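# Observations on the three-dimensional arrangement
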Amino acid sequence: MSKKDKNSKVEDSQFEDQTSTAAEAVVEEQKETKTPEEQLQDQLVSEKDKFMRLFAEFENYKKRTTKERIELFKTASQDVMVSMLPVLDDFERALTHIEDDKEAEELRKGVLLIYNKLVNTLEQKGLTKIEVRQGDTFDADNHEAITQIPAPSSDLKGKIIDVVERGYKLGDKVIRFPKVVIGQ
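Residues numbered from 1 in each chain as written. Predicted model: local features only at pLDDT ≥ 70, side-chain atom pairs only at ≥ 80, totals over all residues. Heavy atoms only, no water.

Judged by side-chain charge, Glu 99, Asp 100, Asp 101 and Glu 103 come together as a negatively charged surface patch. The topology assignment puts Asp 101 in the loop between helix H3 (78-100) and helix H4 (105-124). (Patch = residues over 30% accessible without salt bridge, like charges linked within 9 Å, V, L, I, M, F, W, Y side chains within 5 Å. Areas by Shrake-Rupley, 256 points an atom, 1.4 Å probe, with all protein chains shown as cover. Salt bridge = Lys/Arg side-chain N within 4 Å of Asp/Glu carboxyl O. Lys, Arg positive; Asp, Glu negative; His and termini not counted. Charge placed at Lys NZ, Arg CZ, Asp CG, Glu CD. Helix = DSSP H or I, 4+ residues; strand = E, 2+ residues; numbered from the N terminus.)

Regular strands show a simple pattern: their side chains alternate between the two faces of the sheet. Buried residues dominate strand S6 (residues 179-183), accounting for 4 of its 5 residues. Bridge count for strand S2 (residues 144-149) against S6 is 5 bridges, and the pairing is parallel. When the bridges of S6 are listed, Thr 147 appears paired with Val 181. Sheet topology note: the strand S3 (residues 160-165)/S6 ladder contains 4 bridges and is antiparallel. Paired with Asp 162 across the bridge in S6 is Val 181. (Buried < 20%, exposed > 50% of the residue type's maximum accessible area, 1.4 Å probe, protein only. Pairing = 2+ DSSP bridges.)

We now examine the sheet that holds strand S4 (residues 167-170). Spatially, 3 strands are ordered S1-S4-S5 in an open sheet, and the strand pairing comes out antiparallel. Every interior strand has two partners, whereas the edge strands, strand S1 (127-130) and strand S5 (173-176), have only one. Between one strand and the next, the sheet's axes are offset by a mean angle of 40°, whatever the strand orientation. Bridge count for S1 against S4 is 4 bridges, and the pairing is antiparallel. Bridging from a neighbouring strand, Leu 127 pairs with Leu 170 of S4. Sheet strands touched by H3: S1, S4 and S5. Its angle to S5, the strand with the most contacts, is close to 55°. (Axes fitted to C-alpha atoms, helices over the stretch in contact; angles between N-to-C directions. Contact = heavy atoms within 4.5 Å.)

Another aspect to go through is a nonpolar patch on the surface. Taken together, the side chains of Phe 51, Met 52 and Phe 55 make up a nonpolar region of the molecular surface, amounting to roughly 330 Å² of accessible area. Looking at where Phe 55 falls in the secondary structure, it is placed in helix H2 (residues 36-75). By relative accessible area, Phe 55 is classed as partly exposed at 43%.

As a further point, take the pattern of salt bridges. A side chain of one charge can pair with a side chain of the opposite charge if their charged atoms are brought near each other. Here the structure, examined in full by the defined rule, presents 10 salt bridges. The partner of Asp 49 in a salt bridge is Arg 53, and the shortest N-O contact between them spans 3.2 Å. A residue pair is termed a helical-turn pair when its members lie 3 or 4 positions apart in one helix, as Asp 49 and Arg 53 do in helix H2 at 4 residues. Taking the shortest distance from any N to any O, the salt bridge between Arg 166 and Glu 92 comes out at 3.8 Å.

Adjacent strands of a sheet pair through backbone hydrogen bonds, lying either parallel or antiparallel. Strand order in this open sheet of 3 strands is S2-S6-S3, and the pairing throughout is mixed. Each end of this open sheet is capped by a strand with a single partner; those strands are S2 and S3. Going across the sheet, the axis of each strand differs from the next one's by a mean of 25°, ignoring polarity.

Written as structure tokens, this is what we have:
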């Protein structure tokens, strides 16, 4: 690079500095020469922008809290439902054992009546059974494997052999996965 090129570059940068300084000065002059009405208009615009942002933030807050409240109401009874599941299991076990005893027919009818009433009440509150049958394909996302036993036949390998405990859902949420025995 020659000396002449260096000098022209220095002059160009000085010229750019002067023009940017001049532009800033013009903007400052315009600010100073604004009438009080224009200044108030600018202030009004900035305050209106702040208000709109605050209003949008508040609307988002209301939507979020409403959504959280609805979700809370849906699952508020979850603790009660989970604590009632062992009682439901005991009723099912009692019914299977009473069926074997032919002398306790009246007892079986009474227990069945109470069991049906309990099941209907829980279903009204949103509890549903997860249907699992022997021979269904085991899915680790939907079932909890208790143990594996040798499959009685080759077609039951990797499939459900027995259901130890039923699974239940409260609304769309699984509150207890079905506990199953799978074939190896």
